[in-house]
Amino acid sequence: MTENLKKLSDEGVSIWLDDISRERLRTGNLEQLVKERHVVGVTSNPTIFAKALSKGSAYDDQVRDLAVRGVDVEEAVRAITTYDIRWGCDVLRPVYDRTQGLDGRVSIEVDPRLARETEKTVAEARALWWMVDRPNLFIKIPATVEGLPAISQALSEGISVNVTLIFSLERYGQVIDAFFEGLERARENGHDLSAIASVASFFVSRVDTEIDKRLDKVGSDEAKGLRSKAGVANARLAYALYEERFGTDRWRALKDAGARPQRPLWASTGVKDPDLPDTLYVDRLIAPGTVNTMPEATLEASAEHAEVPGNTVQGTYDEARAHMNALKQVGVDYDDVVRVLEDEGVEKFETSWNELLGTVSGELKDKGGAQQGAGA
């Protein structure tokens, strides 16, 4: 079952799990996935935490203590999420040490309500970096226009960053610029560049979902023949841009100073359309120096029947460009697609964050009331 995952790893793809929960940590499941499924990193987001908090009893003891202390819901959410992330960092620390800091990373996202506010995002990144206090932590900052200077600032202070919610090639180029600027400033500030890491999370399946919806509205046979291919084509062109930009003199100067490249990370790799192969966004995005963060269902499907023929990205760029041009010819507005996806991405994480706040608020009231009843 793990032979496919080993092949994937051998091709230079780091396999990360797109999930975390207290239950997964407490039962040793994450450690088991590291040992048995070649998992070498973890990503989280507000939706994942909202789901984890909404079921089971794994958080009850901590919530009860927080209720007794009378902390507000914002502080409680930070205490709960950073506890899980810190624990995850400790589980992955042997991987971090073995790979000399390449992998073994665990990501936590800044409050998504701050996605359009640069200064508050930077302050939040600093606070999370301090609270978790682990060298193998990534702070996730969204690639909004306002997020770009926050990315540079965090990196300049020695904070490792996972840039999230990247959909367009233009924005990805801006993310790379922000990465370069952040490292250049970090060097000026006297930081050890080899200790600063970053990944750029390029979302895949959501691109297909939005574009397929538009192709269905067009309704022609030509449009139907273009369905479910844009996500992979877009990501492949992102890798082409990665190769181009990390072959420049600007990057080589940073590399000579000890910097590590900002690796492309394929996110949103769970297939949304049940008619598609469930390992589509694994099989067709195999390239060295990449990360693929997978929901557990995609991880298990990949272990069972992923196709790993070798590199499936390099050598496909002309085909990918032709596909994106064909989409334009049938009336799909790429710029509008990626704008909608970014806005929706921020909105979805804000909604999940508010759900998380609501769940924790209710739990604090319940546990606080129970405690008062017990003491009466």
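Residues numbered from 1 in each chain as written. Predicted model: local features only at pLDDT ≥ 70, side-chain atom pairs only at ≥ 80, totals over all residues. Heavy atoms only, no water.

With an unreviewed UniProt entry as reference, the chain is termed Transaldolase, source organism Actinomadura vinacea. Quoted verbatim from the Subcellular location (unreviewed entry) field of UniProt, the annotation for the chain is "Cytoplasm". On record in UniProt, under Pathway (unreviewed entry), the comment for the chain is "Carbohydrate degradation; pentose phosphate pathway; D-glyceraldehyde 3-phosphate and beta-D-fructose 6-phosphate from D-ribose 5-phosphate and D-xylulose 5-phosphate (non-oxidative stage): step 2/3." (UniProt positions renumbered as here; feature names shortened; annotations may be inferred.)

Across its full length, the chain carries 17 helices and eight strands. In terms of C-alpha radius of gyration, the chain reaches 21 Å, essentially the compact-globule figure of 21 Å for 376 residues. With respect to the three principal axes, the spread of C-alpha positions in the chain is 70 × 50 × 40 Å. For the chain, the proportion of its 376 residues judged to be buried stands at 56%. In the chain, the proportion of contacts linking residues at least 24 apart, taken out of those at least 6 apart, comes to 80%. Total accessible area on the chain is roughly 15,900 Å²; 47% of this is exposed by carbon and sulfur atoms. Treating the 47 positive side-chain charges of the chain as one cloud and the 63 negative ones as another, the clouds have centres 1 Å apart. (Helix = DSSP H or I, 4+ residues; strand = E, 2+ residues; numbered from the N terminus. Rg over C-alpha atoms; globule rule 2.2 N^0.38 Å. Buried < 20%, exposed > 50% of the residue type's maximum accessible area, 1.4 Å probe, protein only. Contact = heavy atoms within 4.5 Å. Areas by Shrake-Rupley, 256 points an atom, 1.4 Å probe, with all protein chains shown as cover. Lys, Arg positive; Asp, Glu negative; His and termini not counted. Charge placed at Lys NZ, Arg CZ, Asp CG, Glu CD.)

Before going further, it helps to examine unusual backbone geometry. The phi dihedral of His-38 is positive, around 60°, even though this residue is not glycine. As for its placement among the helices and strands, His-38 is situated in the loop between helix H3 (29–36) and strand E2 (39–42). Its identity as a non-glycine residue notwithstanding, Ser-228 has a phi of 60°, on the positive side. Looking at the secondary structure, you find Ser-228 in the loop between helix H11 (221–224) and helix H12 (230–245).

Between helix H5 (residues 60–69) and helix H6 (residues 73–98), the least distance of the axes is 11 Å, while the angle of their chain directions is 150°. Regarding the angle of H5 to H6, the classification is roughly antiparallel. Remark: the crossing between H5 and H6 carries right-handed chirality. Side by side, H5 and H6 meet where Gln-62, Val-63, Leu-66 and Arg-69 of the first sit next to Glu-75, Ala-76, Ala-79, Ile-80 and Tyr-83 of the second. Counted by class, the contact of H5 with H6 contains six nonpolar, one polar and two charged residues. (Axes fitted to C-alpha atoms, helices over the stretch in contact; angles between N-to-C directions. Parallel < 35°, antiparallel > 145°, perpendicular 65-115°, else oblique. Left-handed = near helix turned anticlockwise from the far one by under 90°. Nonpolar A, V, L, I, M, F, W, Y, C, P; charged D, E, K, R; others polar.)

The next subject is helix H10 (residues 205–218). Residues spaced three or four apart along an α-helix face the same direction, because each turn holds 3.6 residues. Along its 14 residues, H10 runs 20 Å from first to last C-alpha, staying within 8% of the 20 Å computed at 1.5 Å per residue. Gly-219 sits one or two residues past H10 and shows a positive phi near 80°. (Expected span 1.5 Å × (residues − 1).)

Turning to the sheet that holds strand E5 (residues 161–166), a few remarks are in order. The strand order around the closed barrel built from eight strands is E1-E2-E3-E4-E5-E6-E7-E8, with neighbouring strands paired in parallel fashion. In this sheet, neighbouring strand axes are inclined to one another by 30° on average, regardless of whether the strands run parallel or antiparallel. (Pairing = 2+ DSSP bridges.)

Next up on the list: the UniProt feature "active site" (unreviewed entry) in the chain. The positions UniProt marks with the feature "active site" (unreviewed entry) are Lys-140. Among residues more than four places away in sequence, those in contact with Lys-140 are Ser-44, Asn-45, Ser-107, Ile-108, Glu-109, Val-110, Asn-162 and Thr-164. Within the structure, Lys-140 has its side chain in polar contact with the backbone oxygen of Ser-44 (distance 2.9 Å). (Polar contact = N/O pair within 3.5 Å; in protein donor to acceptor, adjacent residues only side chain to side chain.)

By secondary structure assignment, the location of Ser-21 is in the loop between strand E1 (13–17) and helix H2 (22–26). Residue Ser-21 is classed as buried on the basis of its relative accessible area, which comes to 14%. Not counting residues up to four positions away in its chain, the partners in contact with Ser-21 are Ala-52, Tyr-59 and Asp-84.

With that settled, consider the pattern of salt bridges. Going through the model one piece at a time under the given rule, you end up with 38 salt bridges. Salt-bridge contacts for Glu-181 lead to Arg-185; the nearest nitrogen and oxygen are separated by 3.1 Å. Taken together, the residues Glu-181 and Arg-185, both in helix H9 (residues 169–188) and four residues apart, mark about one turn of the helix. Judged by its relative accessible area of 35%, Glu-181 is partly exposed. According to the relative accessible area criterion, Arg-185 is partly exposed, its value standing at 25%. Counted as one network, the salt bridges with shared partners bring together Arg-116, Glu-146, Arg-171, Glu-210, Lys-213, Arg-214, Asp-336, Arg-339, Glu-342 and Asp-343. (Salt bridge = Lys/Arg side-chain N within 4 Å of Asp/Glu carboxyl O.)

Next up on the list: the environment of Gly-88. Residue position: Gly-88 is located in helix H6. Along the backbone, Gly-88 and Gly-41 are 47 residues apart, and their C-alpha atoms lie at a distance of 9.1 Å. For Gly-88, the contacting residues outside a window of four places in its chain are Ile-20, Leu-25, Leu-30 and Val-106.

Right, let's get into the packing of aromatic side chains. Throughout the structure, instances matching the rule amount to twelve aromatic pairs. With a centroid separation of 5.3 Å and an interplanar angle of 70°, the aromatic rings of Phe-180 and Phe-246 are classed as edge-to-face. Note that Phe-180 is positioned in helix H9 and Phe-246 in the loop between H12 and helix H13 (249–256), a separation of 66 residues in sequence. Of the two residues, Phe-180 and Phe-246, both sit in the buried class. Through successive ring pairs, a cluster of aromatic residues spans Phe-179, Phe-180, Tyr-239, Tyr-242, Phe-246 and Trp-251. (Phe/Tyr/Trp six-rings, centres within 6.5 Å; stacked < 30°, edge-to-face > 60°.)

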